[in-house]
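# Chains, contacts and geometry: an overview
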Amino acid sequence: AIPSHVASVSDYRELARERVEPGAWAYLEGGAADEISAAQNLTSFDSCRIIPRHFRDFSNAHTRTELFGRRYAHPIFVAPTAYHRLFHPEGELASLLGATALEAGFTLSTLASASLEEIGAQKTAGLWFQLYIQHDREFTLELVGRAEKAGYEALVLTADAPLSGLRNREQRAGFQMPAHISAVNLKGMRPQAPAQQIFGSELLKQSPTWNDLAWLAENTRLPIILKGVLHPDDARSALDHGASGIIVSNHGGRILDTTPTPFEVLPVIAKAVAGAAPVLVDGGIRRGSDIFKALCSGADAVMIGRPILHGLAAAGAVGVAHVIKMLRTELEMTMALAGCPDLSSVNPGFLLEKR
Ligand code: FMN
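Quick caveat, the model's predicted, so the values are computed rather than measured. (Residues numbered from 1 in each chain as written. Predicted model: local features only at pLDDT ≥ 70, side-chain atom pairs only at ≥ 80, totals over all residues. Heavy atoms only, no water.)

Further remarks concern the overall build of the chain. If you tally the helices and strands in the chain, you get 13 helices and 12 strands. For 355 residues, the compact-globule formula gives about 20 Å, and the C-alpha radius of gyration of the chain, at 19 Å, lands near that figure. Taken along its principal axes, the extent of the C-alpha atoms in the chain is 65 × 45 × 40 Å. In the chain, the share of contacts with a sequence separation of at least 24, taken over all contacts with a separation of at least 6, comes to 75%. Only carbon and sulfur atoms are counted for the fraction: they give 52% of the accessible area of the chain, which is about 15700 Å². Averaging the coordinates of the 33 positive side-chain charges in the chain and doing the same for the 37 negative ones gives two points 3 Å apart. (Helix = DSSP H or I, 4+ residues; strand = E, 2+ residues; numbered from the N terminus. Rg over C-alpha atoms; globule rule 2.2 N^0.38 Å. Contact = heavy atoms within 4.5 Å. Areas by Shrake-Rupley, 256 points an atom, 1.4 Å probe, with all protein chains shown as cover. Lys, Arg positive; Asp, Glu negative; His and termini not counted. Charge placed at Lys NZ, Arg CZ, Asp CG, Glu CD.)

Take a look at the structure:
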């Protein structure tokens, strides 16, 4: 049962902390290096003010939106995060169940601890697959083929993590992946030579380039959404090389520390994309008002990372559903109080910019 004092997404963080073993908690919560970006993601919405407008007509108010030809009841999506079984024995199946109950789009990570077929069998609408292009390109195409066959509707291609970040917090906590949890979808891949020094390593020699995006676009019928964009020129380049959408993200501050926050660069990226493709954003979204500010700044939808895992760790599928429910209710309340009856009426005019 969910304790009655749980009133907001941040309350779930505390519940989760009590239930997750310290090493796994370091993995869940941590950012790269000094965790400056991870921390700034959380505060970057606070200095932006909402200017409410009054006496508007709410008789047909809704949060519906359409992305890649699919209708969604609201613009809140579950971000791809790895290894859900670290946080709950039912892992990704429980998260998916919670997301589906709240009509939220769901992205399964390449590093999921559940098979993409098993997850695909549970959901037919709004299911995306996050892809890390593997050093073994043939295996990468097999993954893509499996995702297509299992009914995934888009590929979220993550661009910002050719290496994993400096995870000092995990190192200090002595975190090691438990033996019974693994990236099951990568089983059978040709092994990679262990990396010594970074420059000159096989890892970097085989890391993806823009040509790989074009190659991928030629080899799949699914729309590709490029995740990890922080520069407007990369957004343009993504569209030029075959992407159909952009996710403005710094990977929750887990890869390169001291990047801008996604919310800071969102307006300039939305301007560069200029409506040519959907723009999503993630990082530090913990309130419906954060979502509203992102939408006003040019995002078509948002993704939620850690809070989903907090809900999962605290209460399984019910916890995930409750987290999404709270965000959805808060978004509606913010829109109602700001004077914004639907997503087509959000615009920068609701914001006093103080970034
Ligand atoms: N992003 C990916 O593209 N692929 C992953 O496998 C992945 N694993 C993650 C694992 C954890 C534990 C966390 C917290 C994030 C992960 N991310 C991954 C990044 C998320 O997709 C998302 O960008 C980030 O969590 C958003 O920030 P938030 O946690 O503040 O909401």
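Now that the structure is up, let's keep going.
Considered for burial, the residues of helix 1 (residues 9-19) that qualify are Val-9, Tyr-12, Leu-15 and Ala-16. When helix 1 is viewed along its axis, its buried side chains cluster within an angular range of 105° and face the same direction. Buried residues belonging to helix 1 abut helix 2 (22-29) and helix 13 (306-338). (Buried < 20%, exposed > 50% of the residue type's maximum accessible area, 1.4 Å probe, protein only. Arc of directions from axis to C-beta.)

Here we take up the pattern of salt bridges. According to the stated counting rule, one finds 14 salt bridges in the structure shown. For Arg-13, the salt bridge goes to Glu-29, with nearest N and O atoms at 2.8 Å. With Arg-13 in helix 1 and Glu-29 in helix 2, this pair connects stretches of sequence that are 16 residues apart. By relative accessible area, Glu-29 is classed as buried at 9%. Here Glu-153 ties to Arg-70 by a salt bridge, and the two come within 2.6 Å at their closest N and O atoms. Taken as a pair, Glu-153 in the loop between helix 6 (137-149) and strand 7 (154-158) and Arg-70 in strand 3 (residues 70-72) lie far apart in primary sequence, 83 residues in all. (Salt bridge = Lys/Arg side-chain N within 4 Å of Asp/Glu carboxyl O.)

Before going further, it helps to examine the side chain of Glu-29. A polar side-chain atom of Glu-29 sits 2.6 Å from a polar atom in the side chain of His-310. With near-sequence residues (within four places) excluded, Glu-29 lies in contact with Arg-13, Arg-169, Arg-254, Arg-306 and His-310. (Polar contact = N/O pair within 3.5 Å; in protein donor to acceptor, adjacent residues only side chain to side chain.)

This brings us to the environment of Glu-264. Along the chain, Glu-264 falls in helix 11 (residues 262-273). Sequence separation of Glu-264 and Asn-41 is 223 residues, and the distance between their C-alpha atoms is 9.2 Å. Here the side chain of Glu-264 touches Thr-261 through a polar contact of 2.7 Å, landing on its backbone nitrogen.

Scanning the model with the defined rule gives 8 aromatic pairs in all. Through a chain of ring-to-ring contacts, three or more aromatic side chains come together here, namely Phe-68, Tyr-72, Phe-77 and Trp-128. For the cation-ring pair, Arg-254 lies above Tyr-27, with the distance from its terminal atom to the ring centre recorded as 5.0 Å. (Phe/Tyr/Trp six-rings, centres within 6.5 Å; stacked < 30°, edge-to-face > 60°. Lys NZ or Arg CZ within 6 Å of the ring centre and 35° of its normal.)

Okay, the site of the ligand next. Near the ligand there are 23 residues, and of these Pro-80, Ser-109, Thr-158, Asp-282 and Gly-284 occur at the shortest range. Here Pro-80 contributes a backbone N or O atom positioned 2.7 Å from an oxygen atom of the ligand. A distance of 3.3 Å is found between a nitrogen atom of the ligand and a side-chain nitrogen or oxygen belonging to Gln-130. Broken down by secondary-structure element, the contributors of at least two residues to the shell around the ligand are helix 2 and helix 13. (Near = heavy atom within 4 Å.)

The parallel closed barrel is built from 8 strands, whose spatial order is 4-5-6-7-8-9-10-11. If you compare each strand with its neighbour and ignore which way they point, the axes differ by 30° on average. Contacting strand 6 (127-131), strand 7 and strand 8 (224-229), helix 9 (residues 210-218) runs over the sheet at an angle of about 160° to strand 8. Packed onto the sheet, helix 11 meets strand 8, strand 9 (245-248) and strand 10 (279-282) and runs at close to 160° relative to strand 9. (Pairing = 2+ DSSP bridges. Axes fitted to C-alpha atoms, helices over the stretch in contact; angles between N-to-C directions.)

A few words on the packing of helix 1 against helix 13. Viewed as axis vectors pointing N to C, helix 1 and helix 13 meet at an angle of 175°, and their least axial separation amounts to 10 Å. Taken as axis vectors, helix 1 and helix 13 run roughly antiparallel relative to one another. Of the residues in helix 13, those in contact with Val-9, Tyr-12, Arg-13, Leu-15, Ala-16 and Arg-19 of helix 1 are Pro-307, His-310, Gly-311, Ala-313, Ala-314, Gly-319, His-322, Val-323, Met-326 and Leu-327. Looking at the contact of helix 1 with helix 13 residue by residue, the class counts come to 10 nonpolar, 4 polar and 2 charged. (Parallel < 35°, antiparallel > 145°, perpendicular 65-115°, else oblique. Nonpolar A, V, L, I, M, F, W, Y, C, P; charged D, E, K, R; others polar.)

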